[in-house]
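# Notes for the structure review
Okay, here's what each chain looks like letter by letter:
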Amino acid sequence: MAAPPPGPRWLAAFFAYETTKSVVVKSWVVGAVNRAVQLLILSYFLGWVFLHEKAYQVRDTVIESSVVTKVKGVGKYAGRVLDTADYVTPPQPLPARPQGTSVFVVITKRIVTENQEQGLCPESDARYRCTADSDCPKDSPAATGSAGVLTGRCVRYNGTRRSCEIRGWCPPEVDTVEAPVMLEAENFTLLVKNSVRFPLFGFEKANLPPDAPAGELSRCRFHPARRPLCPVLRLGDVARWAGQDFGTLATTGGVLAIKIGWECDLDQPWERCLPRYSFSRLDGAATTATGYNFRSARYYRRPDGTERRCLTKAFGIRFDVLVYGSAGKFSIVPTLVNVVAACTSVGVGSVLCDLILLHFLKGAEHYKARKFEEVPEASPPRRSAGPTAPGGGEMGSTDAATVSL
C-alpha cells in the first residue's frame, strides 16, 4: 500500500475516515451492564413517556372556558336580614363586573360611616395627633392625611386629644371599631357552571351532569370523595378544604381559589372527560397586610342641596374560579418521533459499556487495540504493460484484469 501523500499532519487527520467496527466482547460484567441500561431506557419510554405522559398523543393546551356562578343563602347582620343582593358584590378596586362571573366577593363584615359631607374636621387617625400647628405640615409631601388634605392647623378632636385638621369628607372614617361578623355565610351555597372547549379537536364539555334532574342538582353538595361531580359547594366547606378557618376568614377577609381542572384523554369515551376540583388560599403568603377589604360609597342630596354620602368599608371573602386543563388525542407524528427517540436512546448502553471496557476493566489496552484500527489509504493498482501492436500501440484484450489487495 502506498503511503499517504506528504503534508501537514492535521490535514491528514482531518481527511481521515472512521467506520464502525463490531467487536464481540464475551464479558459477563459488560454484558449485564449493557442489558440493564437498555432495560431501564425501554422501561422509561414505555412506562413514563408512553403510558404516563401519553407521548403518542397530540395535545391541545388552549382551553376556552366560560364560568357562571350563583350564591344562595339568607343571613342576619346588625338586626337586618340580608340576601344575595346585599352581600354579593363585584371585586374592588378592579373594574366592576356583573354578578355571576368567575370572581366575586361575599361580604361578611361592614364598618359604616354615615352622613359624610365635604368640609373641615380633625383627622381620626392616631398618627396625626398634634400639640401645635407645626406638627401638621401643610406644604410638605406628607400633607395628605388618611381621609383628606391637611390644612396645617392643630385642632381639638375630643376633650383629651388634639389632631391635625383635614379638608375632605367629614366626619372621617374610624375603622378601628368592632363590627359584627355574618357567620351565617358559612352555610351559603355556591353553584358553579363551567363550560370548556378545546378548539384543536372541537371538543366541548360542561361540568353539569347531563342527565341529572333539576331537583337532584339543587339537593346535592360537593364532596371530594362522595360527590366529586356535584357543582354546588358550601362556602364553609370551601374554606375548610383550602385549610382555613371560616370564622377567622370572615373577620379579616381573604381570597380563596376554586380550581377546576380538565385533563381529558379523547381516545377514551366522551363521558370519561370529567372535571376535578381543588381549593387553596391565594393571599396566604402576605404577612404584613393580611385579609381582604374594600370601600364603597352611596351618594345622596339632602333637601337643603348639600351632597352627602354613606361610606362602607367591607370585609369579605373573594372567590376566584380558575379553570385550566388540556386534551390529548392519538396522532401518528408524535408516536413515530418518540419511537425513534426510544430506539436511539437504547444506544446509550453501548456508550456506557465502552467507557467501562476501555477505561475500567483489566486488559483495557487489549480491547482498545481490537476496537480501534488505523488503515492507510489504499494505493491504486498499477497498470501492467501488455504486448504492443505493430506501430507502437497496445494490443487490445478481451479479458478484464482482476487485482487483489
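I will try to describe carefully the structure that is included in this document. (Residues numbered from 1 in each chain as written. Predicted model: local features only at pLDDT ≥ 70, side-chain atom pairs only at ≥ 80, totals over all residues. Heavy atoms only, no water.)

## Focus: the environment of C273
Put simply, the rule is: Strands here are runs of E lasting at least two residues and helices are runs of H or I lasting at least four, both read from the DSSP assignment and numbered beginning at the N terminus. Only protein chains enter the area calculation, which uses a 1.4 Å probe; residues under 20% of their type maximum are buried, those over 50% are exposed, and those in between are partly exposed. The contact criterion used is simple: two residues touch if any of their non-hydrogen atoms lie within 4.5 Å.
Here C273 lies in the loop between β12 (254–265) and β13 (275–281). Relative accessible area serves as the criterion here: at 4%, C273 is assigned to the buried category. A C-alpha to C-alpha distance of 7.9 Å links C273 and K205, two positions 68 residues apart in sequence. Excluding residues that lie within four positions of it along the chain, C273 makes contacts with F203, K205, W262 and C264.

## Brief notes about unusual backbone geometry
Cis geometry is adopted by the peptide bond preceding P171, which originates at C170 and carries an omega value of -5 degrees. With respect to the helices and strands, the residue P171 is situated in the loop between β8 (162–170) and β9 (189–198). Its identity is not glycine, yet K54 carries a phi of approximately 50 degrees, on the positive side. Here K54 shows up in the loop between α2 (28–52) and β1 (57–60). Even without being a glycine, N115 presents a positive backbone phi close to 55 degrees. Considering the arrangement of structural elements, one finds N115 in strand β6 (residues 103–122). By relative accessible area, N115 is classed as partly exposed at 37%.

## Regarding the packing of α2 against helix α8 (residues 348–359)
Applied cut-off: For helices, the fitted line uses only the C-alpha atoms of the stretch in contact; every axis is such a line through C-alpha atoms, and the angle between N-to-C directions lies from 0 to 180 degrees. Each angle is binned into one of four classes, with values under 35 degrees roughly parallel, values over 145 roughly antiparallel, values of 65 to 115 roughly perpendicular, and all other values oblique. Should the near helix be turned anticlockwise from the far one by less than a right angle, the crossing is left-handed, and should it be turned clockwise, the crossing is right-handed. Following the grouping adopted for this structure description, the nonpolar residues are Ala, Val, Leu, Ile, Met, Phe, Trp, Tyr, Cys and Pro, the charged ones are Asp, Glu, Lys and Arg, and the polar ones are all others, Gly among them.
Packing of α2 against α8 brings their axes to within 8 Å, and their N-to-C directions diverge by 155 degrees. The orientation of α2 relative to α8 falls into the category roughly antiparallel. Once α2 is placed against α8, the crossing between them reads as right-handed. Facing α2, whose interface residues are V30, V33, N34, V37 and I41, α8 presents V348, G349, S350, L352, C353, I356 and L357. Looking at the contact of α2 with α8 residue by residue, the classes come out as 9 nonpolar, 3 polar and no charged.

## What about the state of the cysteines?
Selection criterion: In this description, the term disulfide denotes a pair of cysteine sulfurs within 2.5 Å.
All told, the structure shown has 5 disulfides when counted by the stated rule. There is a disulfide in this structure between C121 and C170, and the S-S distance comes to 2.1 Å. Measuring the twist about the S-S bond at about -80 degrees, one finds the C121-C170 disulfide to be left-handed. Placement of C121 in strand β6 and of C170 in strand β8 is noted, with a sequence separation of 49 residues between them. A relative accessible area of 8% places C121 in the buried class. For C170, a relative accessible area of 10% gives the class buried.

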